[in-house]
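Examination of the molecular architecture
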Amino acid sequence: MVMIKSDLSLATNAKIVGSGDKILVLAHGFGADQSIWDKILPHLSQTHRVLVFDWNFSRPADDSKLFDDSVYSSFYAFADDLISLVENLNLKSFVFVGHSMSGMIGCIASIKRPELFQRLILVGASPRYLNSEDYVGGFERSDIDDILTSIESNFEAWALNFPSLVTDTNDPISTQKFGKSLQKMRPDIALSLAKTIFLGDYRDILDKVEAPCNIIQATNDIVVPVSVSHYMQQKLKSKASVEIIEADGHFPQLTAHELLIQILDRVLLMGSDIL
């Protein structure tokens with residue numbers, strides 16, 4: 001494991017694990033931190049140098065000054081941070097694996113700096129969570145309002161309950177793992193970021209993404225319906241494939257990691273041939 005010493009890398013707790021010429025960048029989603037990849041990191045690091053890091057919202061409370069809700073009111077600021085991080089580490093070309101919100105962050109970053117991204121692997125990603133007349137995102141506005149109200153009124157109670165809704169209830173260890181990281185978030189940051197995620201709409205960027213994409217989606221994900229994966233496949237400018245994992249929950253890297261590894265191995269080995 002290589003511990004990175006620069007200011008930016010220290011701020012994101014960045015680590016590079018493994019060795020070799022091929023590079024993977026793993027980016028977690030809301031409420032998580034880099035430990036969300038612990039089950040698959042040992043395998044991936046056998047064949048790749050793997051960068052893992054923490055987004056600023058997942059840092060300890062005393063580092064909360066790193067998150068400014070006026071700046072991080074869209075995914076574009078996160079995309080800029082991602083680009084700055086990989087440039088700081090002198091990573092020239094890599095495969096990006098983005099879970100949940102990080103899927104769209106990776107798409108935006110790849111539009112800004114296409115030469116950096118060999119491929120995007122989007123795990124449980126969605127460009128929009130709200131339903132509309134011509135789009136099924138999974139949530140009505142009243143559903144989103146209920147989530148935001150719960151976070152604002154009693155974050156601790158919400159953070160205790162939410163993990164069981166978005167993971168496989170037959171895997172309590174994984175539920176507890178996500179819950180532990182979620183409960184570390186500062187409530188006001190959690191509320192601000194939830195608004196950014198659930199009220200955002202990034203459908204208009206899909207036809208600008210040039211990097212090949214592999215979309216990975218669990219069959220029973222309360223956060224992202226399977227139909228969203230096929231929507232993205234149709235709208236992306238680049239070649240894209242959809243891989244469906246027979247699993248419950250929004251976190252296949254926790255609850256179906258062996259199946260996820262099988263797909264990642266195939267994608268990374270075959271490259272563009274899988275599309």
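Numbering of residues starts from 1 in each chain and follows the order in which that chain's sequence is written. Local features in this predicted model are restricted to residues of pLDDT 70 or higher, and side-chain atom pairs are both shown and tallied only at a pLDDT of 80 or more, whereas totals for entire chains, interfaces and linings draw on every residue. Side-chain calculation: all heavy atoms of the structure are included, whereas hydrogens and water are not.

Regarding the overall build of the protein
Per the convention used, a helix needs a DSSP run of H or I reaching at least four residues, while a strand needs a run of E reaching at least two, with both numbered from the N terminus. Helix and strand content of the protein: 11 helices and 8 strands. For 275 residues, the compact-globule estimate of 2.2 N^0.38 gives 19 Å, and the C-alpha radius of gyration of the protein, at 17 Å, lies within 12% of that figure. Long-range contacts, defined here as pairs at least 24 residues apart, represent 75% of the contacts in the protein between residues at least 6 apart. To be clear on the numbers: accessible area is Shrake-Rupley with a 1.4 Å probe, and residue cover counts the displayed protein chains and nothing else. Total accessible area on the protein is roughly 11,900 Å²; 50% of this is exposed by carbon and sulfur atoms. For this count, His and the chain ends are skipped, Lys and Arg are scored as positive, and Asp and Glu as negative. Each charge is placed at NZ for Lys, CZ for Arg, CG for Asp and CD for Glu. Side-chain charges in the protein split into 24 positive and 35 negative, and the spacing between the mean points of these groups amounts to 6 Å. For the radius of gyration, the atoms used are the C-alpha atoms, and the globule rule reads 2.2 Å times the number of residues raised to 0.38. Two residues qualify as a contact provided that any one of their heavy atoms is within 4.5 Å of a heavy atom in the partner residue.

Notes on the pattern of salt bridges
When a carboxyl oxygen of Asp or Glu lies within 4 Å of a side-chain nitrogen of Lys or Arg, that pair is called a salt bridge. For the structure shown, the criterion picks out 12 salt bridges. Across the pair Arg-113 and Glu-115 runs a salt bridge, and its minimum N-O distance is 2.4 Å. Note on Glu-115: relative accessible area 46%, which makes it partly exposed. Put simply, Lys-237 and Glu-210 hold a salt bridge, and the shortest N to O gap is 3.4 Å. Throughout this description, buried means an accessible area under 20% of the type-specific maximum (1.4 Å probe, protein chains only), exposed means over 50%, and partly exposed covers the range between.

Here we look at unusual backbone geometry
Excluding glycine, residues mostly carry a negative phi; peptide bonds, for their part, are mostly trans. If you check the backbone angles, Asn-13 has positive phi at about 55° while not being a glycine. Relative to the helices and strands, Asn-13 is located in the loop between α1 (7-11) and β2 (15-17). For Asn-90, which is not glycine, the phi dihedral falls at a positive 60°. Here Asn-90 shows up in the loop between α3 (75-88) and β5 (94-99).

A few points about the side chain of His-250
On the secondary structure map, His-250 appears in the loop between β8 (240-248) and α10 (252-255). Overall, His-250 belongs to the buried group, its relative accessible area being 4%. Discounting chain neighbours no more than four positions away, the residues touching His-250 are His-99, Ser-100, Gly-124, Val-166, Asp-221, Val-223 and Val-224.

Description of the nonpolar core
The term nonpolar core refers to a set of buried residues drawn from Ala, Val, Leu, Ile, Met, Phe, Trp, Tyr and Cys, joined through side-chain atoms within 4.5 Å. Counting residues in hydrophobic clusters, the biggest one holds 101 residues, and the most contacted among them are Leu-51, Phe-78 and Leu-82. Per-element tally for this core: the top contributor is α3, with 8 residues. Phe-78 has contacts with Trp-55, Asn-56, Phe-57, Phe-67, Tyr-72, Met-101, Ile-105 and Leu-193, leaving out every residue within four places of it along the chain.

So, the packing of helix α6 (residues 155-166) against helix α7 (residues 172-182)
Think of each axis as a best-fit line through the C-alpha atoms, taken over the contacting stretch in the case of a helix, with angles from 0 to 180 degrees between the N-to-C directions. As a packed pair, α6 and α7 sit with axes 9 Å apart at the nearest point and diverge in direction by 150°. Here α6 is positioned roughly antiparallel relative to α7, judged by the angle of their axes. Crossing of α6 against α7: the hand is right-handed. Counted together, Phe-155, Trp-158, Ala-159, Phe-162, Pro-163, Ser-164 and Val-166 of α6 and Thr-175, Phe-178, Gly-179 and Leu-182 of α7 form the full contact between these two elements. What sets the label is the angle itself: under 35 degrees gives roughly parallel, over 145 gives roughly antiparallel, 65 to 115 gives roughly perpendicular, and the rest give oblique. Rotating anticlockwise by less than a right angle from the far helix to the near helix defines a left-handed crossing, while the corresponding clockwise rotation defines a right-handed one.

Some words on the packing of aromatic side chains
In summary, the pairing rule links any two rings of Phe, Tyr or Trp, Trp by its six-membered ring, whose centres are within 6.5 Å, and it sorts them by plane angle into stacked for under 30 degrees, edge-to-face for over 60 and tilted for everything else. All told, the structure shown has 17 aromatic pairs when counted by the stated rule. Taking 4.7 Å as the distance between ring centres and 10° as the angle between the ring planes, the aromatic pair formed by Phe-75 and Tyr-202 counts as stacked. A residue pair is termed long-range when its members are at least 10 positions apart, and Phe-75 in helix α3 and Tyr-202 in the loop between α8 (187-198) and β7 (213-220) qualify at 127 residues. For Phe-75, a relative accessible area of 2% translates into the label buried.

Re the pairing of β5
Across the 6 residues of β5, 6 count as buried, placing the element largely inside the fold. Residues Phe-94, Phe-96 and Gly-98 of β5 are buried on one face, and the alternating residues Val-95, Val-97 and His-99, pointing to the opposite face, are buried as well. By this definition, two strands are paired if DSSP reports at least two bridges between them. Note that strand β3 (residues 23-27) and β5 share 4 bridges and pair parallel. Pairing of Leu-26 across the sheet is with Val-97, part of β5. Direction of pairing for β5 relative to strand β6 (residues 117-123): parallel, over a ladder of 6 bridges.

Concerning the pairing of β7
Taking burial as the measure, the 8 residues of β7 include 6 buried ones, the bulk of the element. Inspection of the sheet shows β6 paired to β7 by 4 bridges, in the parallel sense. Considered in β7, the bridge of Val-123 is made with Ile-216. Bridge count between β7 and β8: 7 bridges; the pairing is parallel.

Digging into α3
One less than the residue count of a helix, multiplied by 1.5 Å, gives the span that helix is expected to have. For α3, which comprises 14 residues, the first-to-last C-alpha distance of 20 Å matches the rise-based estimate of 20 Å (1.5 Å per residue) to within 8%. Within α3, the full set of buried residues consists of Phe-75, Ala-77, Phe-78, Ala-79, Leu-82, Ile-83, Leu-85 and Val-86. Nitrogen and oxygen atoms within 3.5 Å of one another constitute a polar contact, given that in protein one can donate a hydrogen and the other can accept it, and given that sequence-neighbouring residues count only through two side-chain atoms. Two to three positions downstream of the cap, the backbone nitrogen of Tyr-76 sits 3.2 Å from a side-chain oxygen, assigning the N-cap of α3 to Ser-74.

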